[in-house]
Amino acid sequence: MNLFEQTHDRRDSRSVKWGRMESVYGIQDASGILPMWVADMDFPAPPPVTDALRERLEHPIFGYSYICEECKTAAANWLKKRHGLTVETDWMLFHQGVIPAMASIIDVFTDIGDHVLVTPPVYPPFFSIPKNLGRGVLYSELTEQDGEYTIDWVDFEAKLEKAQLFILCNPHNPGGKLWTPTELENIVQLCTRHDVLILSDEIHSDLIHAGETHTPLLSVAGSERNRIFTCIAPTKTFNLAGIQAAMIVSPDSDKRSRLEQHMQAHGTGSLNAFAPVAWKAAYEQGEPWLNELLEVLAHHIDYALERLERELPGLKIRRPQSTYLLWIDYRALGFTEDEVMKRLLEKGKVALEPGSKYGEAGRGFLRMNIACPTQTLEDGVSRVIRALR
């Protein structure tokens, strides 16, 4: 059977996606609800990765581990081949994930009471992490027209006057947008004008659909590259979120030194014994799996868009340029968010994410994860239709 058509029961695997719906959605029993919310895939990881992990398990000692030079070279080669980006291995620092890496950057390069700028609707930790660290959050809402998002440059620059750090989602989550080189150049120019650092979260950068191109922020930064921190990981690409491994790319040696000191002070400088194994295997041998995944996702997107828009007139979904997430505009249906969520959970028996989770700019939208076997997708789409019809 095709690897991407295999179904695996994840309910007894301590899966957040499958085992935490009761607490997340405030319901007593989620046993009959299909989860299409949190962004991990219901696909097995690439066989070279599981083979490498299995081989590592043959050695029965699981002591302290480190990222080897071969791991760094594998990542550098991957970025060069997939995105045309040249990254020196000396620029790399490693962390347990993009979110803790983001927290480290905010903690080191801003002070309590400083301000972090975000552009909602956007991934919730972009504003929750700064708040939890005692930073103020400035919101420059993206402008939306027929599902297409653009930056309100006047408002964006006005907010930069008070900000010390801007967090960019590149590609954009939840909208699936790929920022153009011109847009990215404008961001760098404006942040330079106001002396604002930039954290570019590029964890979705390998999930790019046919005919589209991801532009790494570093590739357009020129002489301003030292103000940029790029967060990258193989975990979203290869469905390895539970392995917990990410890297910060920073060309500035002084900034890397400050981050290293912070990691040492907080004991976050090392990864678990399986992370380097999965990391190296994924970047060295995972490309055929990824190419096949992208073909599967393209078919899934075609199917979901066609059925949802045909059977639920008024529903609008802009085809994502990246990610395996659909950003569904239900505003024309006339439901409140509470009504929509109640219908999905009680009538459709399916869990999607409410748009307001991504900021008030997301209200009226739903985020749907379509990275699952075809049988599961068809069931999920039918459940959404049943709920909202």
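Remember, predicted model here, so these are calculated numbers, not experimental data.

Turning next to the domain arrangement of the chain. As assigned here, the chain comprises domain 1 (20-46 + 286-388) and domain 2 (61-284). Computed from C-alpha coordinates alone, the two centres of domain 1 and domain 2 are separated by 25 Å. Contacts between the two partners involve 33 residues from domain 1 and, on the opposite side, 37 residues from domain 2. Here domain 1 and domain 2 share an interface that buries about 2,900 Å² over both sides, 56% of which is from carbon and sulfur atoms. When the buried area of domain 1 at its contact with domain 2 is split by residue, R318, Q321 and Y358 rank highest and sum to 23% of it. Inspection of the region where domain 1 meets domain 2 yields four salt bridges. For the salt bridge of R82 with E287, the shortest nitrogen-to-oxygen distance reads 2.8 Å. Elements with a minimum of two residues in the side of domain 1 that touches domain 2: α12 (287-311), β12 (325-329) and β15 (365-369). Sort the elements by how many residues they give to the side of domain 1 that touches domain 2 and α12 lands first, with eight residues. Among the residues making up the side of domain 1 that touches domain 2, the classes are represented as 18 nonpolar, seven polar and eight charged.

The subject of this paragraph is the pairing of strand β3 (residues 115-118). Relative to strand β4 (residues 136-139), β3 is paired through four bridges, and the arrangement is parallel. By the bridge assignment for β4, V118 is matched with Y139. As for the winding sense of the linkage, the β-α-β connection from β3 through helix α6 (residues 125-132) to β4 is right-handed. Sheet topology note: the β3/strand β7 (residues 165-169) ladder contains two bridges and is parallel. When the sheet's bridge partners are listed, L117 is paired in β7 with F166.

On to the packing of α12 against helix α14 (residues 374-388). For the pair α12 and α14, the least separation of the axes is 10 Å and the interaxial angle reads 20°. As summarised for this structure, α12 and α14 are arranged roughly parallel, according to the angle between their axes. Along this stretch, α12 crosses α14, giving a crossing that reads as right-handed. The residues of α14 that touch α12, namely those facing H300, Y303, A304, R307, L308 and E311, are T374, L377, E378, V381, S382, V384 and I385. Residue composition of the contact of α12 with α14, grouped by class: seven nonpolar, three polar and three charged.

We now examine the pattern of salt bridges. Throughout the structure, instances matching the rule amount to 31 salt bridges. For R318, the salt bridge is made with E148, and the minimal N-O distance between the two is 3.0 Å. Placement of the pair is R318 in the loop between β11 (316-317) and β12 and E148 in strand β6 (residues 148-150), with a sequence separation of 170 residues. On the accessibility criterion, E148 (25% relative accessible area) is partly exposed. Two residues, K342 and E346, come together in a salt bridge whose shortest N-O distance is 3.1 Å. With K342 and E346 both in helix α13 (residues 337-348), this residue pair falls four residues apart, about one helical turn. Taking relative accessible area as the criterion, K342 reaches 49% and is therefore assigned partly exposed. Each of E306, R307, R310, E311 and R389 takes part in one network of salt bridges that share partners.

As a further point, take the nonpolar core. Among the nonpolar cores identified, the biggest contains 106 residues, and L308, L344 and M368 are the most heavily contacted of them. Inspection of this core shows a minimum of three residues originating in each of domain 1 (20-46 + 286-388) and domain 2 (61-284).

Below, the discussion takes up the side chain of S65. Along the chain, the position of S65 falls in the loop between α3 (47-57) and α4 (69-83). In this structure the side chain of S65 is engaged in a polar contact, spanning 3.4 Å, whose partner is the backbone oxygen of G63. Excluding its chain neighbours within four sequence positions, the residues that come into contact with S65 are S270, L271, N272 and A273.

Cut-off values and rules
Residues numbered from 1 in each chain as written. Predicted model: local features only at pLDDT ≥ 70, side-chain atom pairs only at ≥ 80, totals over all residues. Heavy atoms only, no water. Domains from an automatic or database assignment. Contact = heavy atoms within 4.5 Å. Buried area = accessible area lost by both parts, 1.4 Å probe. Salt bridge = Lys/Arg side-chain N within 4 Å of Asp/Glu carboxyl O. Helix = DSSP H or I, 4+ residues; strand = E, 2+ residues; numbered from the N terminus. Nonpolar A, V, L, I, M, F, W, Y, C, P; charged D, E, K, R; others polar. Pairing = 2+ DSSP bridges. Right-handed = clockwise from strand over helix to strand, strands pointing away. Axes fitted to C-alpha atoms, helices over the stretch in contact; angles between N-to-C directions. Parallel < 35°, antiparallel > 145°, perpendicular 65-115°, else oblique. Left-handed = near helix turned anticlockwise from the far one by under 90°. Buried < 20%, exposed > 50% of the residue type's maximum accessible area, 1.4 Å probe, protein only. Core = buried A, V, L, I, M, F, W, Y, C linked by side-chain atoms within 4.5 Å. Polar contact = N/O pair within 3.5 Å; in protein donor to acceptor, adjacent residues only side chain to side chain.

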